[in-house]
Amino acid sequence: ELGRTLAAFPLAPRYAKMLTLGKQGGCLAYAVALVALLSVRDPLLHASAPADEDPQAADAAKTAGQAEGPRDEEAEMAERQRKRREAAARGHAHWAHPKSDLLAALRAVGAYEFVASQGGDTEEFCREKFLHYKSMQEIAAVRQQLAKIVVDLDPSVDSQLAQPGGQPLRPPTAQHETLLRQLACAGFIDQLAWRQREGAHVFYVTCVGGDRVQLHPTSFVTARPPDYCVYREIMHTSQPFMKGVTAIKPAWLVHLGKPLCTFSKPLELPTPRWDVDTDRLRCFSQTSYRTQSWTLPF
């Protein structure tokens, strides 16, 4: 049944799966917006990105780093970059999320839609908040297209989901955010990383290939690095960095990635017991994940 549903969406399987599970979890509107933002480039402009890659970024850099007087060109450039980093941090602080870069971007999408619904200047809003204006426009358009497809496939879905110019996204509840992190886990189940330590060196190991990677410095989860996470992509610069990171709980993998799990024989301890409510024998086993045979901590 799930396979037939996924095949109906003209999307990559991972995104179709997120939409399908989003409907089952009661957070379809957020799932549609999440898939829409994942379908375009990162809408958040970061100070680490070269300003000449984007005219809007260059304008923001000039605004944030006006020269205060004659100075050495190198020092002036460093000062401009410092001010740009500070300005970007202030702009992004409104929707920073300690557990997910994707949820942070979703908050930005909601804020953009609210400004648009109030007739505000969305381009100026993006400039002030260091958002990529064209990306935000594309997200809105893709979200509208996806919503229409969802409603066409399942008329039982609230038709308000596909109405242009409808109500902007309300901030998700804590329960919605947990569900959305689970959707990210399900969609990127093959792009999982586990935090490890060798002496003073802390790094992450990917579940496919066992590569060593790091959190990107611009990630919102760096303040509280998770033990397990999924990522949108890996950027190779001075070293491989994960981008679009979402913290997950390893217990989710048993349900969302069961085909990738290996279960040991029942353990002697804790002692197996009979569950009278379900009329089944309850026992514990050791769970390993993927080709790296990670032993999950439960």
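Note that the coordinates shown come from a computational prediction; the quantities given were computed from them, not determined experimentally.

Cut-off values and rules
- Residues numbered from 1 in each chain as written.
- Predicted model: local features only at pLDDT ≥ 70, side-chain atom pairs only at ≥ 80, totals over all residues.
- Heavy atoms only, no water.
- Salt bridge = Lys/Arg side-chain N within 4 Å of Asp/Glu carboxyl O.
- Helix = DSSP H or I, 4+ residues; strand = E, 2+ residues; numbered from the N terminus.
- Buried < 20%, exposed > 50% of the residue type's maximum accessible area, 1.4 Å probe, protein only.
- pLDDT = per-residue confidence, 0-100.
- Contact = heavy atoms within 4.5 Å.
- Phe/Tyr/Trp six-rings, centres within 6.5 Å; stacked < 30°, edge-to-face > 60°.
- Lys NZ or Arg CZ within 6 Å of the ring centre and 35° of its normal.

Participant: I'm lost on the pattern of salt bridges in this one. Help?
Facilitator: For the structure on display, the rule yields 10 salt bridges. A salt bridge links Lys 23 to Asp 154; the shortest N-O distance between them is 3.1 Å. One end of the pair, Lys 23, is in helix H2 (residues 13-24); the other, Asp 154, is in the loop between helix H8 (133-153) and helix H9 (174-187), and 131 residues separate them in sequence. For the salt bridge of Lys 148 with Asp 152, the shortest nitrogen-to-oxygen distance reads 3.0 Å. On the criterion of helical spacing, the pair formed by Lys 148 and Asp 152 is a turn pair, its members being 4 residues apart in helix H8. Accessibility expressed as a relative area gives 48% for Lys 148, which makes it partly exposed. What emerges from the salt-bridge pattern is a single network uniting Glu 123, Glu 124 and Arg 127.

Participant: Explanation requested: the confidence of the model for the protein in the structure shown.
Facilitator: Caution applies to low-pLDDT regions: their predicted coordinates should not be interpreted in detail. In the predicted model, the protein carries a mean pLDDT of 84, and the fraction of residues at 70 or more is 86%. Mean pLDDT across the secondary structure elements of the protein bottoms out at helix H4 (residues 55-64), with 50, and peaks at strand S7 (residues 246-247), with 98. When the criterion is pLDDT under 50, residues 49-55 qualifies, and its contacts beyond four places in sequence or with other chains add up to 7 contacts. In the predicted structure, residues 65-70 sits below a pLDDT of 50 and forms 5 contacts with residues beyond four places in sequence or in another chain.

Participant: How do you make sense of the packing of aromatic side chains when you look at a structure like this?
Facilitator: Here the distance between the centres and the angle between the planes together describe a pair of aromatic rings. Evaluation of the coordinates by the stated rule reveals 3 aromatic pairs. Residues Tyr 15 and Phe 188 carry aromatic rings whose centres are separated by 6.4 Å and whose planes lie at 70 degrees to one another, so their mutual orientation is edge-to-face. Of this pair, Tyr 15 sits in helix H2 while Phe 188 sits in the loop between H9 and strand S1 (192-198), and the two are 173 residues apart along the sequence. In terms of burial, Tyr 15 and Phe 188 fall into one category: buried. Here Trp 194 and Tyr 228 contribute two aromatic rings whose centre-to-centre distance is 5.9 Å and whose plane-to-plane angle is 10 degrees, an arrangement assigned as stacked. Of this pair, Trp 194 sits in strand S1 while Tyr 228 sits in strand S4 (residues 228-230), and the two are 34 residues apart along the sequence. Under the relative-accessibility criterion, Trp 194 is labelled partly exposed at 23%. Positioned above the aromatic ring of Phe 203 is the side chain of Arg 212, whose terminal nitrogen or guanidinium carbon lies 4.0 Å from the ring centre.

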